[in-house]
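Structural characterization, general
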Amino acid sequence: MGYKVPMKVTEIQLTYNNKVKAIDRPQITSSNDAYFVLESNWSNQMELLEEFNILLLDRSNRVMAMCPISKGGVSSTVVDIKIVFAAAIKGRASAIILAHNHPSGNLQPSRIDIDLTKKFKQAGELLDIKILDHLILSPEGDYYSFSDEGLTL
């Protein structure tokens, strides 16, 4: 008498519900443009805890969406690369901009920030999804751009 394997499986649905016409989406031409979109849509907890968000961009670098990825504690948050690229693929993004905040206000990227950005860049190349930048935001209204500083991008 053999073990009978169940035949039911979970269904995954891919949906994209766009409510903004392409012409009305903000276009990113600089790190300052990206910062403005991110800061304008960030949660009200920038001083309290670290968060990681991404901007999904189309082929013209117009923002299709801002997607929250994780919220953590005062000094870190866990970022799962699979979740980031699942959102990018589901949202049919041609490029993404990574962003997280430092509640302390210190804008210098940590070794972990740098290594994570390199990892994202490598994965993006395999999936044909460009990583245009990684921004670190501070509660004081400043930001650090990996792209502007020539780091790993």
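About the cut-offs
Each chain has its residues counted from 1, following the order in which its sequence is written. In keeping with the predicted nature of the model, local features appear solely for residues at pLDDT of at least 70, side-chain atom pairs appear and are counted solely at 80 or more, and the whole-chain, interface and lining totals rest on all residues. Values reported for side chains reflect all heavy atoms of the structure, with hydrogen atoms and water molecules removed beforehand. A run of DSSP states H or I qualifies as a helix once it reaches four residues; a run of E qualifies as a strand once it reaches two. Both are numbered from the N-terminal end. Only protein chains enter the calculation, and the probe is 1.4 Å; a residue is then buried if its accessible area is under 20% of its type maximum, exposed if over 50%, and partly exposed in between. Residue contacts are counted whenever heavy atoms from the two residues lie within 4.5 Å of one another. Using a 1.4 Å probe, the Shrake-Rupley method yields the accessible areas, and only the shown protein chains count as cover for residues. As used throughout, the charge tally considers Lys and Arg to be positive and Asp and Glu to be negative, leaving His and the chain termini uncounted. To locate a charge, the coordinates of NZ of Lys, CZ of Arg, CG of Asp or CD of Glu are taken. Two strands are said to pair when DSSP picks up at least two bridges between them. Axes here mean lines fitted to C-alpha atoms, for a helix over just the part in contact, with angles spanning 0 to 180 degrees between N-to-C directions. If the strands point away from the viewer and the path from the first strand over the helix to the second runs clockwise, then the crossover is right-handed. Ring pairs are drawn from Phe, Tyr and Trp, using the six-membered ring of Trp, whenever the two centres fall within 6.5 Å, and their geometry is named by plane angle: stacked under 30 degrees, edge-to-face over 60, tilted for the rest.

**Regarding the overall build of the protein**
Per the secondary structure count, the protein includes three helices and five strands. Dimensions along the principal axes, computed over C-alpha positions, put the protein at roughly 65 × 40 × 30 Å. Expressed as a percentage of the 153 residues in the protein, the buried residues total 42%. Taking as baseline every contact in the protein between residues at least 6 positions apart, the subset at least 24 positions apart corresponds to 68%. A total of about 9,600 Å² of accessible surface is found on the protein, and carbon and sulfur atoms cover 52% of it. Where the 16 positive side-chain charges of the protein centre and where its 18 negative ones centre are 13 Å apart.

**As for the sheet that holds strand β1 (residues 51-57)**
Adjacent strands of a sheet pair through backbone hydrogen bonds, lying either parallel or antiparallel. The five strands are arranged β2-β1-β3-β4-β5 in an open sheet whose pairing can be described as mixed. Edge positions in the sheet fall to β2 (63-71) and β5 (143-145), since each has one partner strand and no second. Within the sheet, the average angular offset between the axes of one strand and its neighbour, ignoring direction, is 20°. The sheet contact formed by strand β3 (residues 95-101) and strand β4 (residues 130-137) spans seven bridges and is parallel. Looking at β4, one finds that N101 is bridged to L137. Along the sheet, helix α1 (residues 31-41) makes contact with β1, β2, β3, β4 and β5, crossing β4 at roughly 60°. Relative to the sheet, helix α2 (residues 81-90) contacts β1, β2, β3 and β4, its axis offset from that of β1 by approximately 25°.

**Regarding the pairing of β4**
With six of eight residues buried, β4 lies mostly within the body of the structure. Between the parallel pair β3 and β4, the chain is carried across by helix α3 (residues 111-127), and the sense of this crossover is right-handed. Pairing of β4 with β5, which is carried by three bridges, proceeds in the antiparallel orientation. Note that in β5 the partner of I136 across the bridge is Y144. Hairpin connection, β4 to β5: the antiparallel pair is bridged by five residues, and G141 has positive phi, about 95°.

**Side note on the packing of aromatic side chains**
Summed over the entire model, instances satisfying the criterion amount to four aromatic pairs. Measuring from ring centre to ring centre gives 5.8 Å for F85 and F120, while their planes differ by 35°; the resulting arrangement is tilted. Placement of F85 in helix α2 and of F120 in helix α3 is noted, with a sequence separation of 35 residues between them. Geometrically, the ring pair formed by Y144 and F146 is edge-to-face, given 5.7 Å between the ring centres and 90° between the ring planes. Summarising the burial analysis for this pair, Y144 and F146 share the class buried. The rings of F52, F85 and F120 are connected pair by pair, giving a single aromatic cluster.

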